[in-house]
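One-letter residues, chain by chain:
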Amino acid sequence: MPARRFSDGRLIIDFIELSCLLFDFCCVSRALGLPFINAYLDSVGTNFYHGINFATVASTIRLPNRIMPNDGGFSPFYLDLQYSQFEQFKSRSHMTRELGGLLASLMPKGEYFPKALYTSDIGQNDLAEGFFENLTIQQINASVPDIVNKFLANVKKIYRLGARSFWIHNTGPIGCLPYVLTAFSSAEKGSAGFELPLVTCCGYGGQYNFNAGVLCGGTITVHGANIFVGSCDRPSVRVVWDGVHYTEAAIKYIFDQISTRSFSDPRVPLEQARQKSSN
């Protein structure tokens with residue numbers, strides 16, 4: 001089971017059945033019997049031969065107005081910076097392989113880069129930032145073209161570095177997540193066989209079992225007693241893990257729809273994407 005993920009288990013990148021580079025932007029290859037991919041920021045002696053993950057929690061496409069650890073801040077590793085990290089990695093991995101030795105074996109081969117599938121899952125936090133800065137829906141809608149254009153500019157830069165196959169995720173249903181629901185109006189819901197689809201599994205308090213002041217894994221004091229904020233009994237039938245991210249069960253459900261092309265536009269099945277990326 002992979003570690004350091006904001007979920008009770010695997011994410012979509014862990015389910016994808018091929019080697020690829022995924023940007024938040026990273027490389028996924030578990031279904032081939034290979035190790036889970038490692039993070040670029042965990043770079044000392046790390047094996048990147050099968051791929052690399054540039055994603056960080058709370059990343060945005062645009063430079064955020066507030067940066068962690070400020071209250072309500074977002075990751076400093078926004079998309080432009082992730083692209084710069086990839087550009088440097090591609091160059092330095094080539095130099096490392098030319099030097100030979102142990103470190104060379106930890107780097108991807110040069111021919112892997114044009115054959116990789118470059119996958120992106122980012123943009124939700126750009127919208128969330130607008131909500132929590134009290135922008136109107138009209139103002140948030142007006143920001144979307146700039147967000148999309150900045151995303152597109154990075155895709156073009158990655159293409160110019162040799163990438164040819166892209167798998168781009170749309171933003172999720174942000175209005176159905178407890179961290180938004182506790183601050184704004186309620187949402188329509190559909191269960192798809194899950195229980196309590198709008199309620200946090202690993203959280204504490206309120207209608208949606210979510211409190212922004214104490215997140216999953218934290219401790220809260222109630223009437224003089226310390227309460228550990230832990231998991232619900234059956235995360236396998238729940239949708240929301242920590243109020244912001246999804247459970248492995250929900251992620252697996254989404255991946256199954258992706259892999260059978262139900263959620264894709266155009267409707268290219270995963271097997272065909274693998275064939276194209278390997279040509």
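Residues numbered from 1 in each chain as written. Predicted model: local features only at pLDDT ≥ 70, side-chain atom pairs only at ≥ 80, totals over all residues. Heavy atoms only, no water.

Draft legend 1. Examining the packing of aromatic side chains more closely. Counted under the stated rule, the structure contains 13 aromatic pairs. Aromatic side chains Tyr49 and Tyr112 sit 5.5 Å apart centroid to centroid with 70° between the ring planes, which places their arrangement in the edge-to-face category. Of this pair, Tyr49 sits in the loop between strand 2 (38-39) and strand 3 (52-53) while Tyr112 is found in helix 3 (residues 112-115), placing the two residues 63 residues apart along the sequence. Classification of Tyr49 by relative accessible area gives partly exposed; the value is 21%. Given the relative accessible area of 31%, Tyr112 is considered partly exposed. (Phe/Tyr/Trp six-rings, centres within 6.5 Å; stacked < 30°, edge-to-face > 60°. Helix = DSSP H or I, 4+ residues; strand = E, 2+ residues; numbered from the N terminus. Buried < 20%, exposed > 50% of the residue type's maximum accessible area, 1.4 Å probe, protein only.)

Draft legend 2. Layout of the state of the cysteines. For the coordinates displayed, the defined rule picks out two disulfides. Here Cys201 is linked by a disulfide to Cys232, with a sulfur-sulfur distance of 2.0 Å. Its torsion about the S-S bond being -95°, the disulfide of Cys201 and Cys232 is classed as left-handed. Here the residue Cys201 occupies a position in the loop between helix 6 (178-181) and strand 6 (219-222), and Cys232 occupies one in the loop between strand 7 (225-228) and helix 7 (248-259), the gap between them amounting to 31 residues. The pair formed by Cys201 and Cys232 is uniform in burial state, with each residue classed as buried. (Disulfide = S-S within 2.5 Å.)

Draft legend 3. Looking closely at the pairing of strand 7. For strand 6 and strand 7, the ladder comprises four bridges, and the chain directions are antiparallel. Residue pairing across strands places Thr221 opposite Asn226, the latter belonging to strand 7. (Pairing = 2+ DSSP bridges.)

Draft legend 4. Local environment of the side chain of Ser7. Position of Ser7 among the secondary structure elements: in the segment before helix 1 (12-15). There is a polar contact of 3.4 Å between the side chain of Ser7 and the backbone nitrogen of Gly9. Among all residues touching Ser7, those that are not within four sequence positions of it are Trp241, Tyr246, Thr247, Glu248 and Ile251. (Polar contact = N/O pair within 3.5 Å; in protein donor to acceptor, adjacent residues only side chain to side chain. Contact = heavy atoms within 4.5 Å.)

Draft legend 5. Focus on helix 7. Taking 1.5 Å as the rise per residue, helix 7 with 12 residues should run 16 Å; its terminal C-alpha atoms sit 16 Å apart, in good agreement. Considered for burial, the residues of helix 7 that qualify are Glu248, Ala250, Ile251, Phe255, Gln257 and Ile258. Phi turns positive one or two residues past the end of helix 7, at Arg261, with a value near 70°. (Expected span 1.5 Å × (residues − 1).)

Draft legend 6. Here's a closer look at the packing of helix 2 (residues 79-99) against helix 5 (residues 137-160). Close contact between helix 2 and helix 5 brings their axes to 10 Å; oriented N to C, the two are set at 5°. For the element pair helix 2 / helix 5, the angle class is roughly parallel. Where helix 2 abuts helix 5, its residues Leu79, Asp80, Tyr83 and Phe86 lie against Phe151, Asn154, Lys157 and Ile158. Of the residues assigned to the contact of helix 2 with helix 5, the class counts are five nonpolar, one polar and two charged. (Axes fitted to C-alpha atoms, helices over the stretch in contact; angles between N-to-C directions. Parallel < 35°, antiparallel > 145°, perpendicular 65-115°, else oblique. Nonpolar A, V, L, I, M, F, W, Y, C, P; charged D, E, K, R; others polar.)

Draft legend 7. Geometry of a nonpolar patch on the surface. Together, Phe6, Val57 and Met68 make up an exposed nonpolar region whose accessible area comes to about 250 Å². Inspection of the secondary structure puts Met68 in the loop between strand 3 and helix 2. Residue classification places Met68 among the partly exposed positions, given a relative accessible area of 37%. (Patch = residues over 30% accessible without salt bridge, like charges linked within 9 Å, V, L, I, M, F, W, Y side chains within 5 Å. Areas by Shrake-Rupley, 256 points an atom, 1.4 Å probe, with all protein chains shown as cover. Salt bridge = Lys/Arg side-chain N within 4 Å of Asp/Glu carboxyl O.)

Draft legend 8. Main features of the environment of Ile251. Secondary-structure assignment places Ile251 in helix 7. Given a relative accessible area of 8%, Ile251 falls into the buried group. Here the alpha-carbon distance between Ile251 and Val239, two residues 12 residues apart in the chain, equals 8.2 Å. With residues up to four places along the chain from it excluded, the contact list for Ile251 reads Ser7, Arg10, Leu11, Ile12, Phe15 and Tyr246.

Draft legend 9. Seen up close, the packing of helix 4 (residues 124-132) against helix 5. With their axes 10 Å apart at the nearest point, helix 4 and helix 5 run at an angle of 150° to one another. Considering their axes alone, helix 4 and helix 5 lie roughly antiparallel with respect to each other. In the packing of helix 4 onto helix 5, the handedness of the crossing is right-handed. Side by side, helix 4 and helix 5 meet where Asp126, Leu127, Gly130 and Phe131 of the first sit next to Ile137, Ile140, Val144 and Ile147 of the second. Its residues assigned to classes, the contact of helix 4 with helix 5 shows six nonpolar, one polar and one charged. (Left-handed = near helix turned anticlockwise from the far one by under 90°.)

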